[in-house]
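Examination of the molecular architecture
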Amino acid sequence: FLLGFANLFAQESAIDIIERVRENALMLNNVYYKFNVSSEFENNLLPINGVFYIKGEKYLIDTPEIDQIYDGEKFYTIIHENQEIIVSNENNTFFNFTPNQIFNFFLSGFNLQIEKISNNSYFIIAENNQEEDVFYSIVINSSNLSIEKIEMIEKKSNTKINSFLTLTYDYNLIVPMSLFKFDMNYYKDYLIVTQN
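Starting from 1, residues in each chain are numbered consecutively following that chain's sequence as written. Predicted model: local features are reported for residues with pLDDT of at least 70 only, side-chain atom pairs are reported and counted for 80 or more only, and whole-chain, interface and lining totals are derived from all residues. Side-chain calculation: all heavy atoms of the structure are included, whereas hydrogens and water are not.

Pairing is mixed in the open sheet, where twelve strands are placed in the order E7-E8-E9-E10-E11-E1-E2-E3-E4-E5-E6-E12. Lying at the two open borders of the sheet, with one neighbouring strand each, are strand E7 (110-117) and strand E12 (191-195). Direction aside, the axes of adjacent strands within the sheet are offset by 20 degrees on average. The contact criterion used throughout is that any non-hydrogen atoms of two residues lie within 4.5 Å. Axis definition: a line fitted to C-alpha atoms, over the contacting stretch in the case of helices. Angles run 0 to 180 degrees between N-to-C directions. The helix count covers DSSP runs of H or I at least four residues long, the strand count covers runs of E at least two residues long, and both are numbered beginning at the N terminus. Helix-sheet contacts for helix H2 (residues 14-27) involve E7, strand E8 (121-128), strand E9 (134-141), strand E10 (146-154) and strand E11 (160-170), and the interaxial angle to E7 is about 90 degrees. Two strands pair under a simple rule: DSSP has to find at least two bridges between them.

Right, dumping it as structure tokens:
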């Protein structure tokens, strides 16, 4: 049975696997991730640890440095160090790792190849002609169809540049709607910047 199961996945393309992971991620309700984003090089923002809650299209990314709330209509990016809140109708570039953003990124313009399949993981290599110096290594948990790790790797040296790691993943939780509502009372001394 296990051999047949492994052979079934071996016949799938990397695009098929990413599509299945995307369908699964978009189908789940009340999802929780604990994550770490790190860099091998000096970076003002990284490393960063945080938690990420999703309820339908709404989400909250909570980190010590920057939080982001999407209430279904507006994005609120809260930068604690500057005591600044950016309110926008479109997402900005601080965080681009919601499941939909990740899948849209890799499913547009990338050549995706299965590097290997182990008992409980798919290893996928993603290359893009516009980023000739780097490639991405994606590790997907085959049992729950979640992304475990994404690494950006320099081609010449095979050196890891950045890494996104899922530390904990759970779903079908009880997530209060208040998590996805921006409340100015928590940020009375913050400057609000509105972008259109």
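So, on to unusual backbone geometry. The phi angle at Leu145 is positive, at roughly 55 degrees, despite the residue not being glycine. If you trace the backbone, Leu145 turns up in the loop between E9 and E10. Throughout, exposure labels follow a simple rule: accessible area from a 1.4 Å probe, protein chains only, divided by the maximum for the residue type, with under 20% read as buried, over 50% as exposed, and the rest as partly exposed. Leu145 sits in the buried class, given a relative accessible area of 14%. One non-glycine residue, Asn158, adopts positive backbone phi at about 60 degrees. As for its placement among the helices and strands, Asn158 is situated in the loop between E10 and E11. Residue Asn158 is classed as exposed on the basis of its relative accessible area, which comes to 55%.

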